[in-house]
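# Results of the structural survey
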Amino acid sequence: MSEKAITRALLSVSDKAGLAELGAALAARGVELVSTGGTAKALRDAGLTVKDVSDLTGFPEMMDGRVKTLHPTVHGGLLALRDNPEHVAAMEAHGIGAIDLVVVNLYPFEATVAKGASREEIIENIDIGGPSMVRSAAKNHGFVTILTDPADYPALLEELDAHDGATSLAFRIRMAGKAYARTASYDAAIANWFAFGDAFSHPLGAEALHATPFVETMPLAFKRADVLRYGENPHQAAAIYVPQVVGARGVPQATQLQGKELSYNNLNDADAALELAAEFAGQAPAVVIVKHANPCGVAQSGSLLDAWEAALACDSVSAFGGIVAVNTELDAATAEAISAIFTEVVIAPSVSAEAREIFAKKKNLRLLECGALPNPRRGGFAMKTIAGGMLIQSRDAGAVSLDDLKVVTKRAPTDQELKDCLFAWTVARHVKSNAIVYAKDGATAGIGAGQMNRRDSARIAAIKAREAAETHGWDAPRTVGSAVASDAFFPFADGLISAAEAGATAVIQPGGSIRDDEVIAAADAAGLAMVFTGMRHFRH
């Protein structure tokens, strides 16, 4: 019969949430409680009768609690096949009692690493006995129920009520699968700490980080946060998974204040917008408008409303149905302006009460509050699946400052041109290659993204700037007098000449082409000032 009665439970948990209530519910159903250390104390403090594991094993807990459940009496009680006569005989011969339920959650290794603990404290939070019991119980799920998540306590009690004090095989299989996923993610976290821990906590010191940037086996562990309605297209299934680390920041960790559920494309685009907005953390108010993972308008100004108007003016056509991210609290005036056009998602560190009221009139608009912005210079990896494998690289956390720029033309850029160059460069590193970005006075004037050659990107960005001028009745496109950024070097002078024809007066690019001299000569002939960064930002 697939149903197995629960008569004895072993509880050993680090997270005591719901423990007393679970213990009381089990005791009320006549289940004998066996426990260890702090768990046993918490149960006794709740007025429950508990047998210590040491009473089963005949050995006290020792070595500061490192050894307590690693004993044949415990694992025999977990692993014995109750329908195998030899196993039953061995249990009787050695006085091993069956354990029907195991409730274990593991030492908080991930949280200990996240808080910056010492190496010694981190090592002490590597659980040994817990994962051993979890794996033993899960392997023997034909007879034993394993719980590793307090969120499953209510489901267990519902099972016991539905099956007269027993659990079904379907429930035990589901919990066993979840248990192995937990031990796998736990071991992955430990393996990653050994491989990539920071210079202060890495067991071999900082040198090991530089000697082995990529381990032979890359353990990955992510927890499903949600199942999405569909993927990039309606015929694709999708879900979102998050890393099991403390303190992760991004769209998945944001609070959704209103609107429909986020789609796969919403999440992807909102991430692109938030990552770019984070570049301006702590600076003047900035607005980023994204469409299909590419920025179509970015601006900084003295007020968020002014930044919105300047960003929108860059490409108001593409902004329709776009994603908006800002770097500071979203106020009422800006909310009112954003509400004037169809917008899919708005994300901000915080949203004023007045702004919330305004957005509440747009029931379908998804409004997210993310708190602190992600660190654009954080480490970590970027991953992309390909047929037959996965590409893994370190994140593009590179950046340049004013001191990194090398003037290569006869004319040096003015202070304003340098500001516009750096602004355009910041935006360009978030635009799909080949990327060309024109910027003037802290706002994008035209963006060319994802083209197969750089000249076409320069021309498309200029076309968008001319269309914006026509739309707004300006005397000239904002590319006139602008700075232009190229995410990689100009392989030929044609792209730079196209930028000059659009009215750009300054250029920022990585340099490094075999035709740099030709490109520099073209810049000098056009009277342009040009700086090299020595760093490119391909984004595919």
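Here is a short report on the structure shown in this document. (Residues numbered from 1 in each chain as written. Predicted model: local features only at pLDDT ≥ 70, side-chain atom pairs only at ≥ 80, totals over all residues. Heavy atoms only, no water.)

At a closest axis distance of 8 Å, the pairing of helix α18 (residues 454-472) and helix α19 (residues 494-501) adopts a crossing angle of 10 degrees. Considering the angle they form, α18 stands roughly parallel to α19. Only D494, G495 and S498 of α19 make contact with α18, whose side of the interface consists of R455, A458 and R459. (Axes fitted to C-alpha atoms, helices over the stretch in contact; angles between N-to-C directions. Helix = DSSP H or I, 4+ residues; strand = E, 2+ residues; numbered from the N terminus. Parallel < 35°, antiparallel > 145°, perpendicular 65-115°, else oblique. Contact = heavy atoms within 4.5 Å.)

Taken as a whole and judged by the stated rule, the model has 21 salt bridges. One salt bridge in this structure joins E275 and R378, with 2.7 Å as the shortest N-O distance. Here E275, found in helix α12 (residues 264-277), pairs with R378, found in the loop between β15 (366-369) and β16 (381-386); they are 103 residues apart in sequence, far enough to count as distant. Look at the salt bridges and you will find they share partners, linking E279, R377, D396 and R429 into a network. (Salt bridge = Lys/Arg side-chain N within 4 Å of Asp/Glu carboxyl O.)

The computed volume of the second largest pocket comes to approximately 700 Å³. Together, 21 residues line the second largest pocket, and D149, K178, R182, K223 and Q244 are the ones closest to its centre. Secondary structure elements with two or more residues in the lining of the second largest pocket: β5 (101-105), α10 (169-196) and β8 (222-228). (1 Å grid on protein atoms, 1.4 Å probe; cavity = no way out; pocket = protein on both sides within 12 Å on 5 of 7 lines; lining within 4 Å. Points joined across faces, edges and corners; volume = space filled by probe spheres on them.)

Below, the discussion takes up helix α20 (residues 516-525). All of the buried residues along α20 are D516, V519, I520, A522 and A523. Taken around the axis of α20, the buried residues stretch over an arc of 160 degrees, which confines them to a single face. Those residues of α20 that are exposed and angled more than 90 degrees off the buried face are D517 and A525. The elements touched by buried residues of α20 are α19, β22 (506-509) and β23 (529-532). (Buried < 20%, exposed > 50% of the residue type's maximum accessible area, 1.4 Å probe, protein only. Arc of directions from axis to C-beta.)

Taken in spatial order, the five strands of this open sheet run β4-β3-β2-β5-β6, and their pairing is parallel. The open sheet is flanked by β4 (51-52) and β6 (145-147), the only strands paired with a single partner. Where strand β2 (residues 8-13) lies against β5, five bridges are found, and the strand directions are parallel. The residue of β5 that forms the bridge with A9 is L101. (Pairing = 2+ DSSP bridges.)

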